[in-house]
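A closer look at the structure
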Amino acid sequence: MLNCDLLIKNGEIATASDSYKGDIAIKNGKIIQIGEIDCKSSKTIEADGNFVTPGGVDGHCHLDQPTDDNSVFADDFETGSISAAFGGTTTIIPFALQIKGKGIKAAVNEYHKKADGKSIVDYAFHMILTDPSHNVLNNELPDLIRSGYTHFKIYMTYEALKLNDLEILKVLSKARALGAMAMIHAENDDCITWLTDLLLEAGKIAPKYHAVTRPTIMEQEATHSAISMSELIDVPILIVHVSNERSMREIQKAQSKGLNIYAETCPQYLFLTSKDLDSKGFEGAKYICSPPPRSLHDQEQIWLGIKTGVFQVFSSDHSPFRFDSDKGKKVEGSETKFCNVPNGVPGIETRLPLLMSKGVLDERIDIQKFVSLTSTGPAKIYGLYPRKGTIAPGSDADLVIWDTKNKFTLSNSLLHHNVDYTPYEGFELNAWPKSVISRGELIIHDGDLNAKLGRGIFLKSDLPMPARTFDKSSLLDRIEKKVF
Ligand code: URP
Ligand code: ZN
Ligand code: ZN
């Protein structure tokens, strides 16, 4: 008879392609068998017909990142990973940020020090390239990509982070040569500056004006620009945190031309609107993130984009700043201008329960789409598949057993992040992870955490799956051929 360490009985096992009743046998942290299993197991969990999904892969979250004001990210690898795990996420991919003037290897080394001994779930790193010097592009980046850091983010906005078009072209051509995945934050920085100046001159400083500085047409324009550079170079890119219909249509148009454009959206674009920024007093600061939440119409369109396959990734963009703190949203006080408020909303724990509740159980999407967006898609795009992102023999036993029978009202007091609010306070949900398993260890069961700090391991990423397949003919030949 088969021997295993853990047996999950009678689950509704869901992957990105199927959903079926069965048992899962786990040994040495890996899934060894799926089906109707008769085995000798040290431990058995009865799933009772509940969904069993692959552990979530959060392809975009910010933990313990340096800032350029006096604000401090409220979550580090300890609190961030614990919060992630309670919400059913067993792999996190936060960002090693290059400081302008310094190297990217230094940033990666520093970030390892911040993660070491802290994370309770497995993690990979995205890099953020802010200074693509000759040395970074020709020495550091190639070395890092070969060593398992195969994806990075670049910004078109934020003074301390943004690249100009020349730099973006150089970076994208390197990504093409090396097979890496570039994630692009697409917003038009000059327009943001111009509108910010106009608003401040008019004395309009409240949090809601953050949304006015970032009209959808200019996110669309930046998205179009990023796609054009990707098309010129013929390199896959992923547009992060797409917030609205206009930008989504640019992506859809590019995808329908056969371009390798991938896209991410986040809970804040399905569940919040710009009206939230217009909350009483300084409360709107809680919802300041970039791009900002949009209209109800945009929400509906993003749902449609999820349903029809425009998006491959659903991330939290967890960007945790405490509200009532001089290290958080009030770093410049509570009377301050919208442009002095740290950007970002928390959501690492609520990402999966929100989409399971409002997406799957409310019948907007099926369970396969849920798994694809929250786990399989990011695992493939960031080179972690099939170790992560699916339920299959040989894959890591990262699993979530869901409770979808109990309705409850979400409140920040139920969450484990180090933030003093959730933007989703008061939401009625009927899905929450009952058991969370990471590499065969039952780290959460019925609300109890049983995981040693630092048990999470660093995951080297393979080259991203979409980037492995594109045409790698000479870049100049390709551009010349288009001209003549
Ligand atoms: O407002 C946001 N999203 N802050 C986090 C940084 C980023 O651009 O993802
Ligand atoms: Zn961004
Ligand atoms: Zn982000």
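The rules we used
Residues numbered from 1 in each chain as written. Chains lettered and ligands numbered in written order. Predicted model: local features only at pLDDT ≥ 70, side-chain atom pairs only at ≥ 80, totals over all residues. Heavy atoms only, no water. Helix = DSSP H or I, 4+ residues; strand = E, 2+ residues; numbered from the N terminus. Contact = heavy atoms within 4.5 Å. Pairing = 2+ DSSP bridges. Axes fitted to C-alpha atoms, helices over the stretch in contact; angles between N-to-C directions. Donors = N, O, S within 2.8 Å, 3.2 Å for Na, K, Ca; no water. Tetrahedral: all angles 85-135°; square planar, octahedral: opposite > 155°, others 65-115°. Buried < 20%, exposed > 50% of the residue type's maximum accessible area, 1.4 Å probe, protein only. Near = heavy atom within 4 Å. Polar contact = N/O pair within 3.5 Å; in protein donor to acceptor, adjacent residues only side chain to side chain. Areas by Shrake-Rupley, 256 points an atom, 1.4 Å probe, with all protein chains shown as cover. 1 Å grid on protein atoms, 1.4 Å probe; cavity = no way out; pocket = protein on both sides within 12 Å on 5 of 7 lines; lining within 4 Å. Sits in = over half its atoms within 2 Å of the grid points. Nonpolar A, V, L, I, M, F, W, Y, C, P; charged D, E, K, R; others polar. Points joined across faces, edges and corners; volume = space filled by probe spheres on them.

Now for the environment of isoleucine 457. In this structure, isoleucine 457 sits in the loop between strand E21 (448–449) and helix H13 (475–483). Sequence spacing of isoleucine 457 and isoleucine 120 is 337 residues, and the spatial spacing of their C-alpha atoms is 8.3 Å. When sequence neighbours within four positions are dropped, the list of residues in contact with isoleucine 457 reads Val121, Asp122, Tyr123, Arg387 and Arg439.

Taken in spatial order, the 3 strands of this open sheet run E6-E7-E9, and their pairing is parallel. The open sheet is flanked by strand E6 (56–58) and strand E9 (122–123), the only strands paired with a single partner. In this sheet, E9 lies alongside strand E7 (residues 89–92) in parallel orientation, the contact comprising 2 bridges. Note that in E9 the partner of threonine 91 across the bridge is aspartate 122. Its contacts with the sheet put helix H1 (residues 77–86) on E7 and E9, and the angle it makes with E7 is roughly 140 degrees.

Another point: the sheet that holds strand E12 (residues 181–185). If you walk across this open sheet you meet the 7 strands as E8-E10-E11-E12-E13-E14-E15, and the pairing is parallel. The open sheet terminates on both sides in strands that have one partner only, identified here as strand E8 (95–97) and strand E15 (313–314). Taken together, the 5 bridges between strand E11 (residues 151–155) and E12 define a ladder with parallel strand orientation. Along E12, the bridge assignment pairs histidine 151 with methionine 181. Here helix H2 (residues 104–115) sits on the sheet in contact with E8 and strand E10 (126–128), set at roughly 130 degrees to E8.

This part covers the coordination of the zinc ion (ligand 3). Of the protein atoms, only His60 (NE2), His62 (NE2) and Asp317 (OD) coordinate the zinc ion (ligand 3), at distances of 1.9 to 2.1 Å. Classification of the site at the zinc ion (ligand 3) as tetrahedral follows from its 4 donor atoms and the range of 88 to 123 degrees in their angles at the metal. Each donor residue of the zinc ion (ligand 3) lies on the same chain, and together they follow the pattern H-x1-H-x254-D.

This paragraph deals with the side chain of threonine 90. Considering the arrangement of structural elements, one finds threonine 90 in strand E7. According to the relative accessible area criterion, threonine 90 is buried, its value standing at 0%. Setting aside residues no more than four positions away along its own chain, threonine 90 makes contact with Gly55, Gly56, Val121, Asp122, Asp398, Val436, Ile437 and Ser438.

Turning next to unusual backbone geometry. Backbone torsion omega between serine 290 and proline 291 reads -10 degrees, so that peptide bond is classified as cis. With respect to the secondary-structure elements, proline 291 resides in the loop between helix H9 (268–271) and helix H10 (296–308). Phi at aspartate 317 is positive, roughly 50 degrees, even though this residue is not glycine. Position of aspartate 317 relative to the elements: it lies in the loop between E15 and helix H11 (351–361). Exposure remark for aspartate 317: the relative accessible area of 7% places this residue in the buried category. The backbone of glutamate 363 shows a phi angle near 60 degrees, a positive value even though the residue is not glycine. Locating glutamate 363 in the fold gives a position in the loop between H11 and helix H12 (367–381).

Taken together, 13 residues lie near ligand 1, and His62, Lys153, His185, Ser290 and Asp317 sit nearest. Take histidine 62: an N or O atom from its side chain is 3.2 Å from an oxygen atom of ligand 1. One of the backbone N or O atoms of glycine 344 is found 3.4 Å from an oxygen atom in ligand 1. Relative to its unbound accessible surface of 260 Å², ligand 1 loses 95% to contact with the protein. For ligand 1, the cavity whose grid points lie within 2 Å of the majority of its atoms is the largest pocket. Taken together, the residues that form the shell around ligand 1 break down as 3 nonpolar, 8 polar and 2 charged.

A few words now on the coordination of the zinc ion (ligand 2). Only Lys153 (NZ), His185 (ND1) and His241 (NE2) from the protein coordinate the zinc ion (ligand 2), and they sit 2.1 Å from it. As a motif over one chain, the donors of the zinc ion (ligand 2) read K-x31-H-x55-H. For the pair the zinc ion (ligand 2) and the zinc ion (ligand 3), the metal-to-metal distance amounts to 4.0 Å. Taken together, the positions of histidine 185 in strand E12 and histidine 241 in the loop between strand E13 (237–239) and helix H8 (245–256) put the pair 56 residues apart, joining distant regions of the chain. Given a relative accessible area of 1%, histidine 185 falls into the buried group. On the basis of relative accessibility, which here comes to 2%, the residue histidine 241 falls in the buried class.

Further remarks concern the layout of surface pockets. Approximately 1100 Å³ is the volume attributed to the largest pocket. In terms of lining residues, the largest pocket is bounded by 44 residues, among which Asp68, Tyr158, Glu159, Leu161 and Asn343 are the most central. At the level of elements, E11 and helix H5 (189–201) are the ones that each hand at least two residues to the lining of the largest pocket. Residue composition of the lining of the largest pocket, grouped by class: 16 nonpolar, 17 polar and 11 charged. Taken together, 13 residues form the lining of the second largest pocket, with Phe408, Leu414, Trp432, Pro433 and Gly447 sitting closest to its centre. Examining the composition of the lining of the second largest pocket, we find that 3 residues originate from one element, strand E19 (residues 432–438), more than from any other. Along the lines of polarity and charge, the residues of the lining of the second largest pocket split into 7 nonpolar, 3 polar and 3 charged.

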